[in-house]
Amino acid sequence: MDRSHPAVHPVAVPPLFHLPPAHLRMKDLPGSPGTLGGLALRVGQFGFAIIAFGVMVAMTDFSTVTAFCYLVAAMVLQCLWSISLAIIDLYALLTRRSLRNSLLVGVFVVGDGVTSTLTLAAACATAGITVFIDNDLGDCGPGHCAKFEAAAAMAFLSWILIQLSFLFSFYLLATR
């Protein structure tokens, strides 16, 4: 007796959701360049830097202390760097382009590292001189030291955000 054996061939149904493959590496970190988190970090860096810059420039006697002039110069550089990369991130988000090019990420890492170092040095110098003028010399005008401290605090907050951007970019470059 020859019986036929039925062959069952299931019909492939397309999946409802496209899930990423399980072996996908963590390339889309929330703060990496070209992501919404990266744009938020850049806007935050720019915001804190522009506040620190504005507070220092609003003071009439900031130019008498070199550390305060250094903070103003570092915040100008920080503002220019952050707004430039925020525009690049916004462009990448709007056009759905990836900023995973090794050369481009390398430029981000070097730029973030340099501006991070300059911002931290300026914030520390400003905080140190402010403490020296206020506590040791007792020569702070009414409300001056509070404004200098506020500018230093904004510079430190800007440094924290630029350091996060640096670490995310460095991770992308290191896992290439």
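Anything mentioned here points back to the structure above.
In this text, all values refer to a predicted model and were calculated from it rather than measured experimentally. (Residues numbered from 1 in each chain as written. Predicted model: local features only at pLDDT ≥ 70, side-chain atom pairs only at ≥ 80, totals over all residues. Heavy atoms only, no water.)

**What about the overall build of the chain?**
Along the chain, the regular secondary structure elements total four helices and zero strands. Going residue by residue from the N terminus, the α and β elements of the chain occur as α-α-α-α. In the chain, which comprises 176 residues, the share counted as buried stands at 36%. Restricting the contact set of the chain to residue pairs at least 6 apart, pairs at least 24 apart contribute 79%. (Helix = DSSP H or I, 4+ residues; strand = E, 2+ residues; numbered from the N terminus. Buried < 20%, exposed > 50% of the residue type's maximum accessible area, 1.4 Å probe, protein only. Contact = heavy atoms within 4.5 Å.)

**Some details on the side chain of Ser 116**
Here Ser 116 is to be found in helix H3 (residues 102-137). Here Ser 116 falls in the buried class, since its relative accessible area comes to 4%. Here the side chain of Ser 116 touches Trp 159 through a polar contact of 3.1 Å, side chain to side chain. Excluding its chain neighbours within four sequence positions, the residues that come into contact with Ser 116 are Trp 159, Ile 162 and Gln 163. (Polar contact = N/O pair within 3.5 Å; in protein donor to acceptor, adjacent residues only side chain to side chain.)

**Section: the packing of H3 against helix H4 (residues 144-174)**
Two numbers describe how H3 lies on H4: the axes approach to 8 Å, and their chain directions differ by 155 degrees. As the angle between them shows, H3 and H4 are arranged roughly antiparallel. Here the hand of the crossing between H3 and H4 comes out left-handed. Grouping the amino acids of the contact of H3 with H4 by side-chain chemistry returns 19 nonpolar, 11 polar and three charged. (Axes fitted to C-alpha atoms, helices over the stretch in contact; angles between N-to-C directions. Parallel < 35°, antiparallel > 145°, perpendicular 65-115°, else oblique. Left-handed = near helix turned anticlockwise from the far one by under 90°. Nonpolar A, V, L, I, M, F, W, Y, C, P; charged D, E, K, R; others polar.)

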